[in-house]
Amino acid sequence: MSDTIEQLIIIGSGPAGHTAAIYAARAELKPLLFEGFMAGGVAAGGQLTTTTEVENFPGFPDGIGGPELMMRMREQSERYGARIKTETVTSVDLSKQPFTVSTDSTSFTARALIIATGATAKRLGLPGEETYWQKGISACAVCDGALPVFRNKPLIVIGGGDTACEEALFLSRFGSGITMLVRRDVMRASQTMQQRVASNPKIEILRETEAVGVIGEQFLTGVEVIDKTTRTRRVLPASGLFYAVGHAPNTAFLEGQLETDDDGYLITEPGSTTTTTPGVFAAGDVRDKVYRQAVTAAGTGCMAALEAERYLSAR
Ligand code: FAD
Ligand code: NAP
């Protein structure tokens, strides 16, 4: 256990965590930020490290690569004095002041906490999924899609959101043909993304179609699907299956100490980042299932830092 009581610990390293760190560091709170070590299976820097171009973060008229944007945010945090630890927080004790924050190797205490742990890609739990996970099945096309095993092969993406569209577009550079399985007759993705997939000749969209199982030998060879309107089943040949079915908030390490909604998202006071425990603030996707954008995560990271600063100065 470290002897020093920190003013502010930030847990998480996406746009929310780093924006909070930049504001808190400039306010001379000397924040300590835990960036995680493959926390929830995602690299430090969060979800944007799993994407290519980010075209809607202000200030980059030509777009910017997701990993580069996160590297720049990390540099900016450090430049203003945030201290960064490449460790995953495994538990916290919020029952008394100062709060305790523990990793596998040690513990720290702090007067205020910002939880900015984001969200992790969901799996579907299809029959055969465990056998072919990383042997054809992946939750990140941008990370795995360019592997030789997927080149010039039929590939399938499950999901109808922006991520699914983005993954299908990315995979269209490598696969022989991309099939998107969309469970409803409408897609959740933005109009821009829907138009991009619709106009890509390599992408076919099967609506009202769900995967029910996967088959293969040493590697994946096909996905069994059901057409929900006709109830007919068939196997689509596929060397790659990419999940893009949304994310779950990374709140397990809190062990129920903060109030969440039914999906595990942290509850904050309306118009604020204050959680149910005074001195603990939540920012980014871990508290947001509506907007879930880099810029909104950064916005609530800023709010959390300002609110933490006010909380600390009032103590
Ligand atoms: P995250 O980015 O999820 O980062 C949190 C990170 O904290 C984790 O990944 C992990 O590294 C760390 N962490 C987690 N748990 C712990 C722990 N216990 N201890 C220590 N560290 C921990 N949004 C846009 O605005 N534009 C886009 O173009 C865009 N493209 C996207 C593409 C993809 C493929 C995906 C999946 C999302 C995209 N988004 C985009 C959404 C955007 O990435 C998220 O809204 C944003 O990253 C959320 O930021 P965050 O800071 O809340 O958390
Ligand atoms: P999302 O918007 O929640 O979409 C998830 C998709 O998966 C939906 O089509 C959903 O179908 C489907 N789905 C969920 N569970 C399923 C299941 N069991 N079987 C089959 N399909 C299932 O998630 P996302 O696409 O990852 O996007 C998350 C956030 O990041 C969004 O706010 C998005 O705008 C943002 N993002 C932005 C960009 C960009 O701006 N370029 C890129 C990527 C992501 P239903 O619609 O039927 O629920």
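Along each chain, residue indices are assigned from 1 in the same order as the chain's sequence is written. Each chain is given a letter, starting from A, and each ligand a number, starting from 1, according to the order in which they appear as written. Local features in this predicted model are restricted to residues whose pLDDT is 70 or higher, and side-chain atom pairs enter the listing and the counts only when it is 80 or higher, whereas totals over whole chains, interfaces and linings include all residues. Side-chain numbers here rest on the full set of heavy atoms in the structure, without hydrogens or water.

A.B. asks: Any chance you could break down the site of ligand 2 for me, citing the residues and the numbers?
C.D. replies: Whether a residue is near a molecule or strand depends on its heavy atoms: it is near if one of them lies within 4 Å of it. With respect to spatial proximity, 19 residues lie near ligand 2, and among them Gly160, Asp162, Thr163, Arg184 and Arg188 are the closest. As used in this structure description, the phrase polar contact means that two N or O atoms lie within 3.5 Å; if the pair is within protein, one of them must be able to donate a hydrogen and the other to accept it, and residues adjacent in sequence are counted only when both atoms belong to side chains. Within the side chain of Asn56, a nitrogen or oxygen atom sits 3.0 Å from an oxygen atom of ligand 2. At 2.7 Å from an oxygen atom of ligand 2 is found a side-chain nitrogen or oxygen belonging to Asp162. In isolation ligand 2 offers 920 Å² of accessible surface; the protein chains occlude 79% of this area. In terms of residues, the shell around ligand 2 owes the most to one element, helix 5 (residues 162-171), which gives three residues. When residues are grouped by polarity, Ala, Val, Leu, Ile, Met, Phe, Trp, Tyr, Cys and Pro land in nonpolar, Asp, Glu, Lys and Arg in charged, and all others, Gly among them, in polar. Residues that form the shell around ligand 2 fall into these classes: five nonpolar, eight polar and six charged. In this entry, domain limits derive from an automatic or database-based domain assignment. Three or more residues apiece are contributed to the shell around ligand 2 by two domains, here domain 1 (5-120 + 247-313) and domain 2 (123-243). Computed with a 1.4 Å probe, the accessible areas rest on the Shrake-Rupley method; for each residue, only the protein chains presented here act as cover. To qualify as a helix, a DSSP run of H or I must reach at least 4 residues; to qualify as a strand, a run of E must reach at least 2; elements of each kind are numbered from the N terminus.

A.B. asks: Requested: an account of the site of ligand 1, with residues and values cited.
C.D. replies: Not every one of the 38 residues close to ligand 1 is listed here, only the nearest: Gln47, Asn56, Val89, Asp285 and Ala294. Between ligand 1 and the protein, one listed contact pairs an oxygen atom with a backbone N or O atom of Ala16 at 2.9 Å. One of the backbone N or O atoms of Asp285 is found 2.7 Å from an oxygen atom in ligand 1. Coverage of ligand 1 by the protein chains reaches 94% of its 990 Å² of free accessible surface. Breaking the shell around ligand 1 down by element, the ones donating at least two residues are helix 1 (15-26), helix 5 and helix 7 (294-314). Class assignment for the residues of the shell around ligand 1 results in 16 nonpolar, 17 polar and five charged.

A.B. asks: Describe the packing of helix 5 against helix 6 (residues 191-198), and please don't skip the residues or the numbers.
C.D. replies: Helix packing geometry: the angle between the two helix axes and the distance between the axes. Between helix 5 and helix 6, the least distance of the axes is 9 Å, while the angle of their chain directions is 30°. As far as their axial angle goes, helix 6 and helix 5 are roughly parallel. Like other packed secondary-structure pairs, helix 5 and helix 6 cross with a definite hand, here left-handed. Contacts between helix 5 and helix 6 involve Asp162, Cys165, Glu166, Ala168 and Leu169 from the first element and Met193, Gln194, Arg196 and Val197 from the second. When grouped by side-chain class, the residues that make up the contact of helix 5 with helix 6 number five nonpolar, one polar and three charged. In this analysis an axis means a line fitted to C-alpha atoms, helices contributing only their contacting stretch, and an angle means the value between N-to-C directions, from 0 to 180 degrees. Orientation categories follow fixed angle ranges, with anything under 35 degrees roughly parallel, anything over 145 roughly antiparallel, 65 to 115 roughly perpendicular, and all other angles oblique. Should the near helix be turned counterclockwise from the far one by less than a right angle, the crossing is left-handed, whereas a clockwise turn marks it as right-handed. We call two residues in contact when some of their heavy atoms are within 4.5 Å.

A.B. asks: Can you tell me about the domain arrangement of the chain, naming the residues and giving the values?
C.D. replies: One can read the domain layout of the chain as domain 1 (5-120 + 247-313) and domain 2 (123-243). A separation of 31 Å is found between the C-alpha centroids of domain 1 and domain 2. Each partner contributes to the interface: domain 1 provides five residues, whereas domain 2 provides seven residues. Each partner contributes to the roughly 470 Å² buried at the junction of domain 1 and domain 2, and carbon and sulfur atoms together form 49% of this total. Buried area, as used here, totals the accessible surface that two parts lose on assembly, with accessibility defined by a 1.4 Å probe and the loss added over both. Sorting the residues of domain 1 by area buried against domain 2 places Thr50, Thr51 and Thr52 first, and these three jointly supply 66% of that buried surface. A pair is scored as a salt bridge if a Lys or Arg side-chain nitrogen falls within 4 Å of a carboxyl oxygen belonging to Asp or Glu. Between domain 1 and domain 2 we count one salt bridge in total. Remark: the boundary between domain 1 and domain 2 carries two residue pairs in polar contact (both at pLDDT 80 or more). Split into classes, the residues belonging to the side of domain 1 that touches domain 2 amount to no nonpolar, three polar and two charged.

A.B. asks: Run through the packing of helix 1 against helix 7, naming residues and quoting values.
C.D. replies: Orientation of helix 1 relative to helix 7, taken along the N-to-C sense of each, is 35°, at an axis distance of 7 Å. For the crossing formed where helix 1 meets helix 7, the hand is right-handed. Between helix 1 and helix 7, the contacting residues are Pro15, Ala16, Thr19, Ala20, Tyr23 and Ala24 on the first element and Ala294, Ala297, Ala298, Gly301, Cys302, Ala305 and Leu306 on the second. Grouping the constituent residues of the contact of helix 1 with helix 7 by class yields eleven nonpolar, two polar and no charged.

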